[in-house]
Amino acid sequence: MDNVNTEELLRKNIINLRESRNWSQAELARRLKMNNTILNKIETGNRKVSSFELDQIAEIFGVSTDYLLGRKKNDNDKNTDYTALEKALDNAKSFDGKPMSDNDREIVRGILKGYFTTKK
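This is a predicted model, so every value here is computed, not measured.

Remarks on helix α3 (residues 36–44)
The α-helix winds at 3.6 residues per turn, so residues separated by three or four positions along the chain end up facing the same way.
Consideration 1: Among the residues of α3, Leu39, Ile42 and Glu43 are the ones counted as buried. Projection of α3 onto a plane perpendicular to its axis shows the buried side chains occupying an angular sector of 95°, all on one side.
Consideration 2: Where α3 starts, the residue carrying a side-chain oxygen 2.7 Å from the main-chain nitrogen of Thr37 turns out to be Asn35.
Consideration 3: The positive-phi residue at the C-terminal boundary of α3 is Gly45, with phi of around 85°.

Right, dumping it as structure tokens:
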């Protein structure tokens, strides 16, 4: 697979995953702690993704870097489960009625990941 195809697949996979969660570029950039302009350049193909950014993007979406690069299908379609979790977290509110903080979201993800890992 040549670099042009890999870069195009990466770009399309990022866009598809972002849109499947109904996230704007600004929302994904915020979650990645990245400037929105940089994400826009990545999605339009005007900037390459660094290996650090690739790892961050894979983590945010709960997929492998191989999946993002188009090297293989996502194992056991984890993406669907992750999408459901992200939607639930997006709708979850803290006790004071405010949206959950990023820190709280990470804690809930960790708890659920630990629970489902030990449940297997």
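Alright, that's what it looks like, and here's the rest.
A short note on the nonpolar core
Consideration 1: By size, the foremost hydrophobic cluster in this structure holds 18 residues, and its most contacted members are Ile14, Leu28, Phe61 and Leu68.
Consideration 2: Those elements that provide at least two residues to this core are α1 (3–20), α2 (25–32), α3 and α4 (51–61).
Consideration 3: Ranked by residues supplied to this core, first place goes to α4 with five residues.
Consideration 4: Aside from chain neighbours lying at most four places away, what touches Leu68 is Leu9, Leu10, Asn13, Ile14, Leu17, Leu54, Ile57, Ala58 and Val63.

Observations regarding the packing of aromatic side chains
Within a pair of aromatic rings, the relevant descriptors are the distance that separates the centres and the angle that separates the planes.
Consideration 1: One pass over the structure, following the stated rule, counts one aromatic pair.
Consideration 2: The side chain of Arg21 reaches across the aromatic face of Trp23, ending 5.8 Å from its centre.

Observations concerning the environment of Asn46
Consideration 1: One can find Asn46 in the loop between α3 and α4.
Consideration 2: We classify Asn46 as exposed; its relative accessible area is 60%.
Consideration 3: Side chain to side chain, Asn46 and Thr44 meet in a polar contact 2.9 Å long.

Quick look at the pattern of salt bridges
Consideration 1: Tallying each qualifying case throughout the model produces eight salt bridges.
Consideration 2: Linking Glu43 and Arg18 is a salt bridge whose minimum nitrogen-to-oxygen distance equals 2.7 Å. Placement of Glu43 in helix α3 and of Arg18 in helix α1 is noted, with a sequence separation of 25 residues between them. Here Glu43 and Arg18 have matching classes, each one buried.
Consideration 3: Residues joined in a network through salt bridges with shared partners are Glu8, Arg11 and Lys12.

Topic: the side chain of Arg21
Consideration 1: Inspection of the secondary structure puts Arg21 in the loop between α1 and α2.
Consideration 2: Among the polar contacts made by the side chain of Arg21, one reaches the side chain of Ser20 at a distance of 3.2 Å.

Section: α4
Consideration 1: Within α4, the full set of buried residues consists of Glu53, Leu54, Ile57, Ala58, Ile60 and Phe61. The buried side chains of α4 occupy one side of the element, clustering within an arc of 160° when seen end-on. In α4, those exposed residues whose orientation departs by more than 90 degrees from the buried face are Ser51, Phe52 and Glu59.
Consideration 2: Positive phi appears at Gly62, one or two residues downstream of α4, with a value of about 70°.

So, how was this worked out
- Residues numbered from 1 in each chain as written.
- Predicted model: local features only at pLDDT ≥ 70, side-chain atom pairs only at ≥ 80, totals over all residues.
- Heavy atoms only, no water.
- Buried < 20%, exposed > 50% of the residue type's maximum accessible area, 1.4 Å probe, protein only.
- Helix = DSSP H or I, 4+ residues; strand = E, 2+ residues; numbered from the N terminus.
- Arc of directions from axis to C-beta.
- Polar contact = N/O pair within 3.5 Å; in protein donor to acceptor, adjacent residues only side chain to side chain.
- Core = buried A, V, L, I, M, F, W, Y, C linked by side-chain atoms within 4.5 Å.
- Contact = heavy atoms within 4.5 Å.
- Phe/Tyr/Trp six-rings, centres within 6.5 Å; stacked < 30°, edge-to-face > 60°.
- Lys NZ or Arg CZ within 6 Å of the ring centre and 35° of its normal.
- Salt bridge = Lys/Arg side-chain N within 4 Å of Asp/Glu carboxyl O.

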